[in-house]
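# Architecture at a glance
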Amino acid sequence: GAGVSQTPSNKVTEKGKYVELRCDPISGHTALYWYRQSLGQGPEFLIYFQGTGAADDSGLPNDRFFAVRPEGSVSTLKIQRTERGDSAVYLCASSLYLQPRVAGGELYFGPGTRLTVL
Amino acid sequence: GESVGLHLPTLSVQEGDNSIINCAYSNSASDYFIWYKQESGKGPQFIIDIRSNMDKRQGQRVTVLLNKTVKHLSLQIAATQPGDSAVYFCAERGGGSNYKLTFGKGTLLTVNP
């Protein structure tokens, strides 16, 4: 079946602009995660959703970052007043359940959106 | 001029050899560990996981070993193939209601034919 998809695959923007990154999780997956990966680093947690609600947004770096999942499926990560330091690959992942320690809890990652802020 | 490199730990092996990738974790409360493989331009791909009440788990051509005493995790890949070339990350999840994955820095595995 279809995996996690993310659009756009690449986004180049200018400092100060607003961007939206979209994630389509695997159908039926209730948990959705956003991670950010800088060059040469492992993914860094940003936020996760259980259904429509943000269960934990403690990884969002500041109030310029916001994410929504209004219908419990597609999610959008929104970044206001982008800065050069926001440049990274933004990864989305979904899992069948929030509980990672049982079958169906594994995260399935999308290919990511590469954001470049000039 | 100065260049910024990846500074990833690297492991280079010959095709057919066994590979061992190591990872140290810091949170003694972590109770679940996962190994991911990431190829260039792709998201991380699940390989194998292990719970903290185990010290070894085997999959197809892969084995994960967990040593909680020294907070060390390893991934063994048998008969390494060129398709195994990628960056490998270990990840840990804290105990209780903490569902966030914390990733290590990664190891670049290169398999020479």
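It should be noted that the structure appears before, not after, this text.
Here goes a summary of the coordinates provided. These numbers were taken from a predicted model, which means no experiment stands behind them. (Residues numbered from 1 in each chain as written. Chains lettered and ligands numbered in written order. Predicted model: local features only at pLDDT ≥ 70, side-chain atom pairs only at ≥ 80, totals over all residues. Heavy atoms only, no water.)

## Some points on the overall build of chain B
So the rule is basically this: Starting at the N terminus, helices and strands are each numbered in turn, a helix being any DSSP run of H or I of at least four residues and a strand any DSSP run of E of at least two. The quantity called the radius of gyration is restricted to C-alpha atoms. Its globule counterpart is 2.2 Å times the number of residues to the power 0.38. Note on classification: 1.4 Å probe, protein chains only; a residue is buried when its accessible area is under 20% of the maximum for its type, exposed when over 50%, partly exposed between these limits. Per-residue and other accessible areas were derived by the Shrake-Rupley procedure at a 1.4 Å probe size, with only the shown protein chains allowed to occlude residues.
Regarding its fold elements, chain B presents zero helices and ten strands. Rg of the C-alpha trace for chain B: 14 Å, near the compact-globule value of 13 Å for 113 residues, within the 12% margin. Across the 113 residues of chain B, 40% fall into the buried class. Working note: accessible area of chain B is about 6000 Å², and carbon and sulfur atoms make up 46% of it.

## What to know about the side chain of H29 of chain A
Residue and element names in this part refer to chain A. The condition that has to hold: Whether two residues are in contact is decided by their heavy atoms: any pair within 4.5 Å suffices.
By the secondary structure assignment, H29 is in the loop between β3 (19–24) and β4 (31–37). A residue is classified by how much of its surface remains accessible, and H29, at 11% relative accessible area, is buried. Residue contacts for H29: discarding those within four places in its chain leaves R69, G72, S94, S95, L96 and Y108.

## Remarks on the environment of S26 of chain B
All names here are of chain B. Along the chain, the position of S26 falls in the loop between β2 (19–24) and β3 (32–38). Residue S26 is classed as exposed on the basis of its relative accessible area, which comes to 64%. Note: C-alpha distance between S26 and E92 (66 residues apart in sequence) is 9.3 Å. With sequence-adjacent residues up to four places away left out, S26 is seen in contact with K71 and E92.

## A look at the sheet that holds strand β5 (residues 56–58) of chain B
All names here are of chain B. Quick reminder of the rule: One bridge is not enough; two strands pair if DSSP finds at least two bridges between them. Comment: axis = line fitted to C-alpha atoms, over the contacting stretch for helices; angle = value between 0 and 180 degrees taken between N-to-C directions.
Taking strand neighbours across the sheet as the criterion, the four strands line up as β2-β7-β6-β5 in an open arrangement whose pairing is antiparallel. Each having just a single partner strand, β2 and β5 make up the two edges of the open sheet. Each strand of the sheet is rotated relative to its neighbour by a mean of 15 degrees, with strand direction disregarded. Strand direction decides the pairing type here: β2 and strand β7 (residues 72–77), joined by six bridges, are antiparallel. Directly across from N22, in β7, lies its bridge partner S74.

## Describing the pairing of β4 of chain A
All names here are of chain A. Among the seven residues of β4, seven are classified as buried, and the element is accordingly described as predominantly covered. Pairing analysis gives six bridges linking β4 to strand β5 (residues 44–50), with the strands arranged antiparallel. Bridge pairing in β5 places W34 opposite I47. What sits between β4 and β5 in their antiparallel hairpin is a turn of six residues, with G40 showing a positive phi close to 80 degrees. Bridge analysis of β4 against strand β9 (residues 88–95) gives seven bridges, and the strand direction is antiparallel. Pairing of Y33 across the sheet is with A93, part of β9.

## Thoughts on the sheet that holds strand β8 (residues 75–79) of chain A
Residue and element names in this part refer to chain A. In spatial order, the strands read β1-β3-β8-β7; together these four strands make up an open sheet with antiparallel pairing. A single partner strand is all that each edge strand has here, and the edge strands are β1 (5–7) and β7 (65–68). This sheet shows a mean twist of 15 degrees between the axes of neighbouring strands, independent of strand direction.

## Details of the pattern of salt bridges
Put simply, the rule is: Between Lys or Arg on one side and Asp or Glu on the other, a salt bridge is scored when a side-chain nitrogen of the former is within 4 Å of a carboxyl oxygen of the latter.
All told, the structure shown has eight salt bridges over all chains when counted by the stated rule. A salt bridge links R36 of chain A to E44 of chain A; its shortest N-O distance comes to 3.8 Å. Taking relative accessible area as the criterion, R36 of chain A reaches 12% and is therefore assigned buried. Relative accessible area serves as the criterion here: at 41%, E44 of chain A is assigned to the partly exposed category. Across the pair D56 of chain A and K100 of chain B runs a salt bridge whose closest N-O atoms are separated by 3.8 Å.

## Some words on the state of the cysteines
Let me state the cut-off plainly: Cysteine sulfur atoms are paired as a disulfide whenever they fall within 2.5 Å.
Overall, the coordinates contain two disulfides over all chains when judged by the stated rule. Each sulfur of the disulfide joining C23 of chain A and C92 of chain A lies 1.9 Å from the other. Disulfide C23 of chain A-C92 of chain A: the torsion about the S-S bond is -65 degrees, which places it as left-handed. Of this pair, C23 of chain A sits in strand β3 while C92 of chain A is found in strand β9, placing the two residues 69 residues apart along the sequence. Residue C23 of chain A shares its accessibility class with C92 of chain A, and that shared class is buried. One disulfide in the model links C23 of chain B with C90 of chain B; its S-S distance is 1.6 Å. Here the residue C23 of chain B occupies a position in strand β2, and C90 of chain B occupies one in strand β8 (residues 86–93), the gap between them amounting to 67 residues. C90 of chain B shares its class with C23 of chain B; the two are buried.

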